[in-house]
Every structure is written in structure tokens, then in C-alpha cells.
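Spelled out, the chains give:
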Amino acid sequence: MATATGTRTEILISGFGGQGVVRMGQILGLCAINQGHRVTMLKSHGTETRGGYVRAQLVISPEYVDSPVVEHADVFVAFSQPAYKKFYDLCDGTVMYDPELFENVVDDAPERHLAVPATKLSKEKFSNQLFANRIMLGALTRVASLDYEAMRKAMLEVIPRFHEQNLAALDFGYRLS
Amino acid sequence: MNKLAAKYLRPSQIPTKACHGCGLGMIENWLLQAIDELGFKQENVIFGTGIGCVGRQTFATWGGDNFGATHGRALAVATGLKLAQPDKKYLIVVGDGDAASIGTSHLIHAARRNLGVTVICEDNMGYESTGGQFSPTTPANYVTNSSPYGMAEPGFDPCDVVKAAGATFVAETTATQWHQTVKIVKKALQNDGFSFVHVRFPCNENFGAYALGTRDTLKNLEWIYEHTQGRKPDGSETDFTWETGIKHDVSNSRPEFSKIMRDMNARVQADMAAKAAAAAGDDKTRDDGHGTH
Amino acid sequence: MATLTVSTRVGLVAPWVEWEKRCTDGRRLLEAGTYALTEGAIAAGCRVFAGYPITPATDIAEYMSKRLPQVGGYYVQSEDELAGMHACAGASLGGLKAMTATSGPGYTLMHDAYGWSITNEIPMVVVDAMRVGPISGITGAPGQGEFYIARYASHGGNFETIVLSPSSVQEAFWLTIDAFNLAERFRTPVTILTDQVISDMWEDLFIPADYDALDFVIPRKHNLMMPFYPVGSADLDVPPNLIGRGTGVCVSAYTHTEEGYDIEDMAAQWAQTYRLINKIRHHTDQLARYETLGLEDAEVVAVAYGANARTVKTGVLEARRRGVKAGFVRPITLWPFLDELYERDCRYVVCELNYDGQLVREVMRAAPDKKKVHFMGKSAELHTVAEVAAGLEGVARSNRVPELPYIWTEVR
Ligand SMILES: Cc1ncc(C[n+]2csc(CCOP(=O)(O)OP(=O)(O)O)c2C)c(N)n1
Ligand code: SF4
Ligand SMILES: [Mg+2]
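Treat the numbers as computed from the prediction; the structure is a model and nothing was measured. Per chain, residue numbering runs from 1 following the sequence as it is written. In the order they appear in the text, chains get letters beginning with A and ligands get numbers beginning with 1. The model is predicted, so local features are restricted to residues of pLDDT at least 70 and side-chain atom pairs to those at 80 or more, both for listing and for counting; the totals for chains, interfaces and linings are taken over all residues. Just so you know, side-chain values use all the structure's heavy atoms and leave hydrogens and water out.

**Here's the deal with the site of ligand 2**
All names here are of chain B. The condition is simple: By convention in this text, a residue qualifies as near a molecule or strand provided that one of its non-hydrogen atoms is within 4 Å of it. Here a helix means four or more residues in a row that DSSP labels H or I, a strand means two or more in a row labelled E, and each is numbered from the N terminus. Here the term charged refers only to Asp, Glu, Lys and Arg, the term nonpolar to Ala, Val, Leu, Ile, Met, Phe, Trp, Tyr, Cys and Pro, and the term polar to all other amino acids, Gly among them.
Residues in contact with ligand 2, as listed here, are Ala18, Cys19, Cys22, Cys53, Asn124, Cys203, Asn204, Glu205 and Asn206. Sort the elements by how many residues they give to the shell around ligand 2 and helix 9 (residues 204–212) lands first, with 3 residues. Across the shell around ligand 2, the residue classes break down as 5 nonpolar, 3 polar and 1 charged.

Next up, the structure:
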């Protein structure tokens, strides 16, 4: 798989509104920018956010990104069944999902599916599910071979509150796989 | 040209193309008298207008700076202009079509904001430059070229509208009331806020001809005068009466729009300066002039 | 008449190529196009924003409401878009640089104010973040339906317009400064025709540290004497008129004299029109902003602007990888239309975000052979790289765009 430090990397994140989809993309994007990369992020908009899904499409590249559209995702983080179903075909790489949110995944490519029990772990460790997104981000940092230190800094820059828990959650996710 | 006109108007633009006997020129003279009595300098008064007889026949007559907006939009333009030139006096001379129909939303919101301008709505009770159709100020049952069976729609009183919207000075007068009009306009111009002066005047060519059956200036003026008194010369009551005079005067009681904006800016900038000073003593705070999410 | 020599070597021709090299001190952010448009305006010295919120331009209004008071400027939430643009005209006449922003439904309400601002030569910037229509269409989806409306932004004819379109967040920043500069130099409203994707998209964005140090920003100057309207002249860099200094300037909706007096006369109509048209037509060389790729050997050239120019460009590269001699033209200046970009005698594939075909008609007019101009219209979503590559390949191999779902190819 291409990594954010090599050539063009496409990351697709999707779920329902309120699951931190855009926020996750923002942290990811800022992390890459701080490391000198070029980044685009398309986020879904308007009625889409109320109806079915929120989607963030990120492209990270050392060069200027021409097409910002994710047509062959290297990583797809799916936070909901509808989002998974809708965008699965756009992913050529790894699908990360939370088995607590949905379990019904395509079984033709088990090696491409990575179950990250983020919600369960968040509940266990923080006694609520608020930090599941950050656990997933930690896991993604590892999967996409992104710089862990840079990710920590970007996260703190983007999210003004709960620094301690967020750092712990990120760390937890990063050390999972 | 009379003395006032010679002092304030542009010789090249006088006389205007208004019909003979039209009340527009006379009212403009009264406005000049008010300005003169207040001692305003020509360069400190901006003259704005719209489209229609009122707009076209007054545009560029004023010797100072002039703008003639599109139909109804004079107050929209003035809203931006006032922010850039807050210390000027604004005389916004518009028709009933400009003010009470096509530009009513701007009128209402200028009043709401307490925009520091004086609107002189010169009301000839119809759209006269397009040949005499009714407007929201045409009295009930009167015949115009678009109300051949009599004005059927209910009208409204623009004074009520602006008062409800928050105007700080509202008055009504007519072309038959010279001294009252000058007094009212002087008061209006002394309000640092939104002033609205409704002046009815006769259009001989259209409203006079079709609604009143005469192009005679005196007869048309007389008809207006009777309706300010509620009585005809024979002592009988008129079909309706206009109450003229000052309708609402809370001049200078609330801040003018551009001042509100400037005060807010001062507050925001003082806040920023305080934060910057605090940050200078605390290098952990990030200096961030731009937006964050 | 100005002539334009199209550079086939330099990829991007725009003033900000130089600006970018000179600005090194600043911050790199991840920000949205709306943010870049706002900051570009602030950097250019914009001090009044008057507008009415609408997706996807709403964030510009919100950013402006925050930023303008910080720099001593004014945010006016106008009662509608028509009032917003008129208020901008008023502010600009009073000496402040001004901007408004909207999308299609608001843009169509502005024609009256456009006409007034164009005829009175009032500088300002208008952003139209296009979305799919007609009317409210699909609110959160991109479109390119105002290509012609932006050209004919008012009724009555007898004028030219300047319309620019950015295709990245960074470019939106520089281009906004450029738009303000052009508005000053040409004394006219300049339209930034962007789209929902560029407005809403987040991208790495370099923001210079000190806006005051940007010496390429053209400051507002004031014309304090006659002629207020240099009718009959195509001169550039005539400072804008100023209301409030007692110069006696007259600004109106009518055909005017040098003084600004209304006049009904053929000679005056001619002289005014000469000015409004030729101040732009005679200086198209100063207005040319575009990007090209592969024009040296291209047999088929993809043409696109704004957001979908990005997927289209990738599509061109993909087609080249597959052995197609593909080229790319991205007009940034949409109006005046840069005919010279289409001088090459080859096939063209015009990709735009509408099904009716707008840009394609101009390319047909400008290209040597209109029968060699093909159309790939799409609506509400960007062209995919795969679609573009397939289209170019089809045209290169068999002179036609293959049938693809949701791609419209007919132009009548
Ligand atoms: C947008 C627009 N609609 C219509 C017109 C045509 N028109 C010009 S003046 C006018 C009516 C003017 O009425 P009013 O404001 O009362 O001025 P008056 O001529 O009566 O003095 C109309 C309908 C116009 N110029 N612009
Ligand atoms: S049409 Fe009426 S309002 Fe217009 S100039 Fe003639 S008399 Fe005056
Ligand atoms: Mg009238």
C-alpha cells in the first residue's frame, strides 16, 4: 500500500453525522500538512449530512494534488453499515471498521478488512464511547504508516479539549494492531 | 433661478425636464431652504435618489455629490455608502414607487438599522413616469391607468410602516404646506438616525388628469389641501383626511447604524489588543489572528 | 486590439505564480475554499462585505462577520442579495473596497446591481459559488451553470465583464487578491465564478504572515476631478470615483456624460459603450490567466475550469499514460473569453458541470473546426478520472466520446 510519505495516498472516511468523520479527516490532513505534504479533503455537504452519511475524502501527496476525488482508496474507515455499503467499491486497500457499529462485511476479501473494536475499547477504558474515534485514528495512523508524533500534535491542535484522554485513546489505537 | 437654487444647484441641470407646473421643483426648493437654514455645506450633503419622475427630475440638480440608484435601491446603496462616509448628511429623495413598493424591503431595513439618512418620499400617488399607474399610496377608488375601475387594492401608509420598523423620525406633509415642510425637513436632518418625511404632491400630467380630471396645478394642489383639512370649500367632508405633521419623533434616542458598527469594531479591536498583550506575557498562547475551527 | 500569445511551455500563466515565489513568510493551514476567499479579500484590502447567506457561500459571510471588525471593516447582512450588491456599490463609491458572495439563487437577484455597478464603473468583487440547478437543485452539489450569466450579468448589452475561476483553495486565495486588483484597474465589478467543491473543499493553504507587506495589492485611489467618466476612452488605471468629497460627481443608472449627467443622445451612448467594452477588450493581454499541459503534441485537448479541471487534468495524465496524445486547457479567466487558447487545430473535449453545454459553445466558436469539439457534460458531481480518460481515448481512437452513464454529449 502507498503511504503518506511516498506517493499519492487516498483515504476515505464515512459514517453518520456526529461520529467525528470530518474531524478525523481534519486531524489527518493537518498532520500531513505539518509534515510538508499537500492535502485535499472533500467533505460531504448539505442534505447529505442529515440523511444518510457524512464522507471525507482525503488525498495526501508530496506533490500538488490534481484530482481530489477518492476513486481508489488506500484506506477506507467505515463508521456505519450504509456508508460501508455505499463506498466499499471505491476502496482498493484496507477497510477499517468497528464491529460494534456493524458486522455485515463482504467476505470475499477478509485479508483487506481490519476490525478495530474502537467503541468497545472506548467504553472499557473511558467508560463511554466518546473516544472511539480517536482510537480509530490511532489505528489508522499505524495502518497508513503515518508519523505518530506528528499525529499527536495535529490532534491537539485541532481538538482543544480533553487532551489527556485523547492522547491516551490515540495511543491505545496505535498500539492495537 | 432663485437665490437658493443659485447657491446650491447646478445651473446646467436646471430647469429639469419635469412637466410644466409639476410640484417637484417647488419641493426641492423647500429642501434647499431647510439645508440653508441649518447652515449645511454643499460638500457635506450627499443627494441620493431613485428612478421615476422624482428620481430623474432631481438627479444631478444638487451641486454636491449625487447618486441616482436603480428603481427602489437608493437606500440599499446608501447603506454601504454611509459606512464609508459616516459623517455626511444624506438626503434621499425618492418616489412612492421607489419607497413604498419596489424598494420597501430596503426602506424597512434601513429604518430597522436606524441608518443615518433622511428619506424624502415625494408621493404623487402613483407611478407617474410610466404614465400613471396606481401605487400602494393611491387612495381607494381613484382611477389611474391601471385602475380603470378605481383603485381596488388596499393601500398602506408608509409612515406607519417605517415607524413600526424603527424609524426615529417620521413626519407627513404636503406640497401645500411650505412652512410646515421646511420645519419638518430641518428636524429630520438633525436626527442622527433614520428620518422619513412623506410629502404628497400633485402630478398634473397623470394623477391629476386621470384621477382628478384636471391638469390644472392649482386645482390639484387645492384637492390635496382639502384632504389635509378634511373639508371642501363648500364645507362638506372630503372622502378621507390626511393627518399631517410630525408622527413620531424620538430623534437621537438610539445609535445610528454606522456608529453601531464602528462601536462594535472598537470593542472587538480592544479585545484583540488585550488578548495580544496577555499573550505577549504568556508565550504558550498561540498568536492566531485568523479563524480557527 | 490586444493580442495574446499562448504559452505552451509554462504550465500556469497567472500573476500569482510570481507572488508565490516572493511570499515565503507565512503559515500553512488546512482550510476551506470559503476561508481562502475571505482571507484573500481581507489581504486585498476589502473592508465591506454585504450579502445574504446561502449554501455554499454562507461560510464566506460567517468568516467575514468575524474578520472584518478585526481589521476595521464592516459586515452587513443585507435583506437580500440585490441589496447586498448595491450596498457594496455604495461602500465602494464611498472609498472602501467591497465584496459580496452568493450562489445561483442569489446571483440571479443581482443583475440590477451589476448593471448599475458596471455602467458606473464601480470596483468590487462578487463571488458566485455555483451549485447544480435550476434554482435550488441539489443544495450541496456542484454545478457550472452560470458561465453565460456571469458574462451577461445585466440586461441591456453594451458592456464586457471580467470573470475568473479558481480550481484550488490556494488559488482561490491569490485569485481573490487578483480579482480586487483587476476591479481597481478596470473600474468594474469582477466576478469570481467558483463552485461548491472549491468552496467547501479543504486543502493545504499558505497564508502570508503580513498582509500589509503584499506590495502587489493595488490600493484604492480616488478620482477627484473631471472627467469622472472617461467615455470614449479605453484607458486602464483610471482611479475610481469617490462620493463624499464634494467633487460634485454624479452616479446614475442612465447613459451618462463625462460628468455623469444623464443624457439621451446617440453620441453619448456610443462613447459610453466604447468605454465599457473597450477598456476590457483592448486589454485582454492583461487579463489572461490560464493553465495548459501537453499542447505541443496534443491531438485531443480536454478543456475544463474550476473544480472539475482537477479530475480532468488527472484524466489527461491518465490518457497520456495509455498512449493518447492528450492535452489540457484550463481557462482561469473565463471572460473575456480567451479564444487564443483554442487555436490549435485538434480535437477538443469540453468537460463542464452542466448538461446544457455552455463553455463548449464558446470553444466551438473559437476552435478552428467546431465539428472537432466534443462535449462531456456532467451534473452535480465532478467528472471522474476514469470518465475523462475514457472520453479522451474514445475521441482519439474513434472521434467520439463513448457512451458513459450520466455523461451528456449532445450540444445543439
Ligand atoms: C426594476 C424596474 N421596474 C420598473 C421600472 C419602470 N419604472 C420606472 S419609474 C417607475 C415608477 C416610478 O414611480 P415612483 O417611484 O412613484 O416615481 P414617480 O415617477 O411617480 O415620480 C417604474 C415602474 C424600472 N425603471 N425599473
Ligand atoms: S408626469 Fe407628473 S410627476 Fe412626472 S414630471 Fe410630469 S407632472 Fe411631474
Ligand atoms: Mg410616484
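There's plenty left to go through after this.
**A short note on the nonpolar core**
Selection rule: Residues enter a nonpolar core if they are buried and are Ala, Val, Leu, Ile, Met, Phe, Trp, Tyr or Cys, with the set joined through side-chain atoms within 4.5 Å. Working definition: with a 1.4 Å probe on protein chains only, accessible area under 20% of the residue-type maximum means buried, over 50% means exposed, and in between means partly exposed. Only heavy atoms matter for contacts: two residues are in contact if any of them lie within 4.5 Å across the pair.
Membership of the largest hydrophobic core comes to 88 residues, with the highest contact counts inside it found for Phe67(B), Ile92(B) and Phe194(B). Apart from residues lying up to four places away in sequence, Phe194(B) is in contact with Leu75(B), Leu107(B), Ala110(B), Ala111(B), Asn114(B), Leu115(B), Val117(B), Val119(B), Val162(B), Ala167(B), Thr168(B) and Phe169(B).

**A few points about the domain arrangement of chain B**
A common way to state how big an interface is: give the accessible area lost once the parts meet. Residues and elements named next belong to chain B. Spelled out, the test is: Where each domain starts and ends follows an automatic or database-derived domain assignment. Using a 1.4 Å probe, buried area is obtained as the accessible area two parts lose upon being combined, added over both of them.
Segmenting chain B into domains produces domain 1 (3–253) and domain 2 (255–293). Each of domain 1 and domain 2 has a C-alpha centre, and the two are 43 Å apart. At the interface, 10 residues of domain 1 touch 7 residues of domain 2. Between domain 1 and domain 2, the buried area comes to about 670 Å², and carbon and sulfur atoms account for 66% of it.

**A closer look at the domain arrangement of chain C**
Residue and element names in this part refer to chain C. For clarity, the threshold we go by: Definition used for salt bridges: Asp or Glu carboxyl oxygen within 4 Å of a side-chain nitrogen of Lys or Arg.
When the domains of chain C are assigned, the result is domain 1 (13–213) and domain 2 (290–398). Listed as interface residues are 31 residues of domain 1 and, on the opposing side, 24 residues of domain 2. With both sides pooled, the region where domain 1 packs onto domain 2 buries about 2300 Å², and carbon together with sulfur makes up 57% of that total. The three residues of domain 1 that bury the most area against domain 2 are Gln144, Phe147 and Tyr148, which together make up 35% of that side's buried surface. For the pair domain 1 and domain 2, the interface holds 2 salt bridges. The partner of arginine 310 in a salt bridge is glutamate 203, with the nearest N and O atoms 2.7 Å apart.

**Notes on helix 10 (residues 266–281) of chain C**
Residue and element names in this part refer to chain C. Threshold: Working rule for helices: expected span equals 1.5 Å times residues minus one. Whenever a nitrogen or oxygen atom comes within 3.5 Å of another N or O atom, the pair is scored as a polar contact, on the condition that within protein one atom can donate a hydrogen and the other can accept it, and that pairs from neighbouring residues in sequence are kept only if both atoms are in side chains.
Taking 1.5 Å of rise per residue, the 16 residues of helix 10 would be expected to cover 22 Å, and the 22 Å separating its terminal C-alpha atoms lies within 8% of that figure. Of the residues making up helix 10, those classed as buried are Ala268, Ala271, Gln272, Thr273, Arg275, Leu276, Ile277, Asn278, Lys279 and Ile280. Here the buried face of helix 10 lies against helix 6 (111–119), strand 7 (162–164) and helix 8 (169–186). Near the N-terminus of helix 10, the side chain that reaches the backbone nitrogen of alanine 267, with its oxygen 2.9 Å away, is that of aspartate 265.

**Some details on the pattern of salt bridges**
Under the counting rule described, the total for this entry stands at 45 salt bridges over all chains. With a shortest N-O distance of 2.4 Å, Lys247(B) and Glu172(B) are connected by a salt bridge. With Lys247(B) in strand 7 (residues 245–249) and Glu172(B) in strand 5 (residues 169–174), the pair connects residues that are 75 residues apart, well separated along the chain. For Lys247(B), a relative accessible area of 31% corresponds to the partly exposed category. The exposure class assigned to Glu172(B) is buried, which follows from its relative accessible area of 2%. Linked through salt bridges whose partners overlap, the residues forming this network are Asp66(A), Glu171(C), Glu291(C), Lys313(C) and Arg330(C).

**Description of the site of ligand 1**
Residues and elements named next belong to chain B. Which entries qualify depends on this criterion: A 1.4 Å probe and the Shrake-Rupley method give the accessible areas. Residues count as covered only by the protein chains that appear here.
Within the structure, ligand 1 sits among 16 residues, and Cys53, Asp96, Gly97, Asp98 and Gly126 are positioned closest to it. Valine 54 is positioned with one of its backbone polar atoms (N or O) 3.1 Å from an oxygen atom of ligand 1. Note that an oxygen atom of ligand 1 is positioned 2.8 Å from one of the backbone N or O atoms of glycine 126. In isolation ligand 1 has 580 Å² of accessible area, and contact with the protein removes 73% of it. For the shell around ligand 1, the secondary structure elements donating two or more residues are helix 3 (53–58) and helix 5 (96–102). Broken down by element, the shell around ligand 1 gets its largest block of residues, 4 residues, from helix 5. Here the residues of the shell around ligand 1 sort into 5 nonpolar, 8 polar and 3 charged.

**Quick notes on the sheet that holds strand 1 (residues 9–15) of chain A**
Applied cut-off: Note: two strands are recorded as paired if DSSP finds a minimum of 2 bridges between them. Only the contacting stretch of a helix is used when fitting its axis, a line to C-alpha atoms as for every element, and angles between N-to-C directions run 0 to 180 degrees.
As summarised here, the arrangement of the 8 strands in space is 6(A)-5(A)-4(A)-1(A)-3(A)-2(A)-9(C)-2(C), forming an open sheet in which the pairing is mixed. For this open sheet the edge positions go to strand 6 (113–115) of chain A together with strand 2 (26–32) of chain C, each flanked by a neighbour on one side alone. Within the sheet, the average angular offset between the axes of one strand and its neighbour, ignoring direction, is 25°. As paired strands, strand 5 (residues 91–97) of chain A and strand 6 of chain A are joined by 3 bridges and run parallel to one another. Bridge pairing links Val95(A) to His113(A) in strand 6 of chain A. The strands touched by helix 5 (residues 132–143) of chain A are strand 4 (73–78), strand 5 and strand 6 of chain A; relative to strand 5 of chain A, the strand with the most contacts, the crossing angle is about 145°.

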